[in-house]
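# Commentary on secondary and tertiary structure
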Amino acid sequence: MELYCNNIPAMKPIEAQQRIRKLRATLERHNYLYYVANQPEISDRDYDRLYHELDALETAHPEFLTPDSPTRRVGGAPLAAFEQVRHRLPMMSLDNTYSRAELLNFHERLVRLLPGQAFTYIVEPKIDGVAIALRYEHGRLVTGSTRGDGAVGDNITANLRTIRSIPMALRGEGKPPAVLEVRGEVYMPRDGFMAINRAREEAGEEPFANPRNAAAGSLKLLDSRLVARRPLDVIIYATGELDGIFFDTHARLLAALKAFGFKIPGKFWTCRSMDEVLAALEELKNTRQSFPFEMDGGVIKVNERAFYEKLGATAKSPRWAVAFKYESERAETRLNAITLQVGRTGVLTPVAELEPVALAGSTINRATLHNADEVNRKDIRIGDHVYIEKAGEVIPAVVGVNTSARNGHERIFHMPDKCPICGEPVTQQEGEVAFRCENLQCPAQLKRWLRHFAARGAMDIEGLGEALVDQLVDANLVSDPADLYRLHRENVETLERMAAKSAQNLLDGIEASKQRDFWRVLFALGIRQVGAKMAQTLEQHYAGIEPLMQATPDELQQIRDMGPVAAKNIYDYFHTSRNCVLIRRLQDAGVTMTRAVGAAPKGGLLAGKVFVLTGALEHFSRDQAEQAIRALGGEVSSSVSKKTFRVVAGAEPGSKLDKARVLGVKVMNETEFTKLVHS
Ligand code: IVH
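Throughout what follows, the structure given in this document is the object of discussion.

Reading guide: rules and limits
Residues numbered from 1 in each chain as written. Predicted model: local features only at pLDDT ≥ 70, side-chain atom pairs only at ≥ 80, totals over all residues. Heavy atoms only, no water. Phe/Tyr/Trp six-rings, centres within 6.5 Å; stacked < 30°, edge-to-face > 60°. Helix = DSSP H or I, 4+ residues; strand = E, 2+ residues; numbered from the N terminus. Buried < 20%, exposed > 50% of the residue type's maximum accessible area, 1.4 Å probe, protein only. Pairing = 2+ DSSP bridges. Near = heavy atom within 4 Å. Polar contact = N/O pair within 3.5 Å; in protein donor to acceptor, adjacent residues only side chain to side chain. Areas by Shrake-Rupley, 256 points an atom, 1.4 Å probe, with all protein chains shown as cover.

Two aromatic rings, taken as a pair, are described by how far apart their centres are and by the angle between their planes. Counted under the stated rule, the structure contains twelve aromatic pairs. Ring plane angle 5 degrees and centroid distance 4.0 Å describe the contact between Tyr 308 and Trp 320, whose orientation is recorded as stacked. Separated by twelve residues along the polypeptide, Tyr 308 in helix α10 (residues 308-311) and Trp 320 in the loop between α10 and β11 (321-325) bring together distant segments of the chain. On the numbers, 5.2 Å between centres and 90 degrees between planes, the contact of Tyr 573 with Phe 574 is edge-to-face. As far as the burial class goes, Tyr 573 and Phe 574 line up, both buried.

Right under this line is the structure:
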């Protein structure tokens, strides 16, 4: 039943339109099988084939391109701002309970409000993510939005379309309802969160405080192409406006949502009594680690939806549901002050200075407040009694405020407009929560920068550890990395605990670092978003610092895996005079600023050239062909675009060949390819 079509004959528009429709339906089906049902039926390669055929057809027939095509899941042009969406039904929140007693109160209230009526409960995990609404009209996704203030939210449709487990169209045979609005939670799975934070730290960016922040920050991005790279997922657990569809129980609603193609809570319990509810909550708590998302409790909902209207809602939350929050080990203490820590890239992180308190086996006197947004969101004030918890079992974090302990003397925290360490201006870039001190000479920033510069993954300067960096900066001997190369024995020997031998070791280490690979230098410079991997990619494309400094953002964006933000950061970096001065000084000191001869052999014959392979080659396995290209400095991509240098077509080529023809990309056969790589 698969739809393979290896070339695009000149189709009549009507045929193209039909084929496009068919391909979209097929791709969305496989999307569902892969991302929601977890039961893929075809290989990635076959999926790619279908995808590229659709992509090529849409390129050839742009009149049939629609925003809900599976090809649009990679994101589109950035927005200037989000439009606002008024929710037809308010997006409410839930009342929280923390104890059995509070939960029993909830139950007793329901019994009072529904005298003589029998009802049951559903218990579901409470996903710690970001609430969203998805509106389907006649089966098609039309709007995706955030909760906002509950009445009006942001239209984030383009961002939500990038989440593969969100159906573009409702599944199922029958006529879809006129309106189905569903609500759920976008989250970042734990493993994706860890991976993204590792990458951010490597690129000198502030890691996200927790998966919820990572999900929220991702959905706020105006560039959906960047959102497409964030590992986000969604779970749907409620409805908003409905027209032409009805559900009598929550259990049947969940079953229907599942049939429509949504991911629903992986586990939920139907309970006939409070004892069963408590048992379900206990089981949920004990198994919380087996869920891919962070769970902050359970949600208890009346199962019979007929009662919802009668039960109604308070100003904020419906009376038919309640959240039961799991207590993590927490302590309450006074927040004496908020200080600021300046990171390597100048990010100012507010830190809570606490009245010492015992928590989970240690005494805590400091905790992270993550960023100014968090401080404001949680309304944390200096002098407040705050709750602290150990996040991820290690770093203590301030999670909330005991507002009843306020005496009116608490002070609201404001991010200063000057860096507390160096007094230079603090700025906030559009779309970023972080405030930064832009002064590269800021001692706090400088120390962290030098530590990064000298680190093993970067310039690997033996003997230059944290304590020595502190001393060099404090003694005013070094005010940027280039100063390291001007240090003399006499300077170094004046430092505390610095014997002649260790002074010489340090100077030898610095001298040796001049010979490091060019990419290490690029990484060591600490350009925002340039981690070790990106630095290596840049080295592949640019033989030395000169052409890289000349590169335009457009040119940089042609590089695979380079988004517009990274391209702009790199461009801006090289167009800031102090950075240019630093580079010249490093160059004058003898630091490597060109790719090593042999790094891309044969003078990088294929440097910067992107190849796409399709079909089977007789004399090369796929791996061998890729290696041959990479050995000459070239790159291999899995999809054809205007950036592709050549498509190498073997026997039985796939749709990549068609795409190449549509885009006018040159194609070579195996003989030509062999000649090229063996020349
Ligand atoms: S039902 C009328 N079910 O928790 C409210 N909410 O603290 C309908 N949440 O606003 C929400 N998991 O963002 C519901 N299984 C679940 C949930 C859940 C997480 C979120 C949701 C809600 C917030 C309240």
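For the rest of this paragraph, the subject is the sheet that holds β11. Strand order in this open sheet of five strands is β2-β11-β10-β3-β9, and the pairing throughout is mixed. Sheet topology places β2 (96-97) and β9 (269-271) at the edges, where each strand pairs with a single neighbour. Examined bridge by bridge, strand β3 (residues 121-127) and β9 share three bridges and lie antiparallel to one another. Across the sheet, the residue bridging to Tyr 121 is Cys 271, located in β9.

With respect to spatial proximity, 14 residues lie near the ligand, and among them Glu 124, Ile 127, Arg 147, Glu 185 and Lys 301 are the closest. Here a nitrogen atom of the ligand and a backbone polar atom of Pro 125 are 3.1 Å apart. Within the backbone of Ile 127, a nitrogen or oxygen atom sits 3.0 Å from a nitrogen atom of the ligand. Expressed as a share of its isolated accessible area of 520 Å², the protein-covered part of the ligand is 90%.

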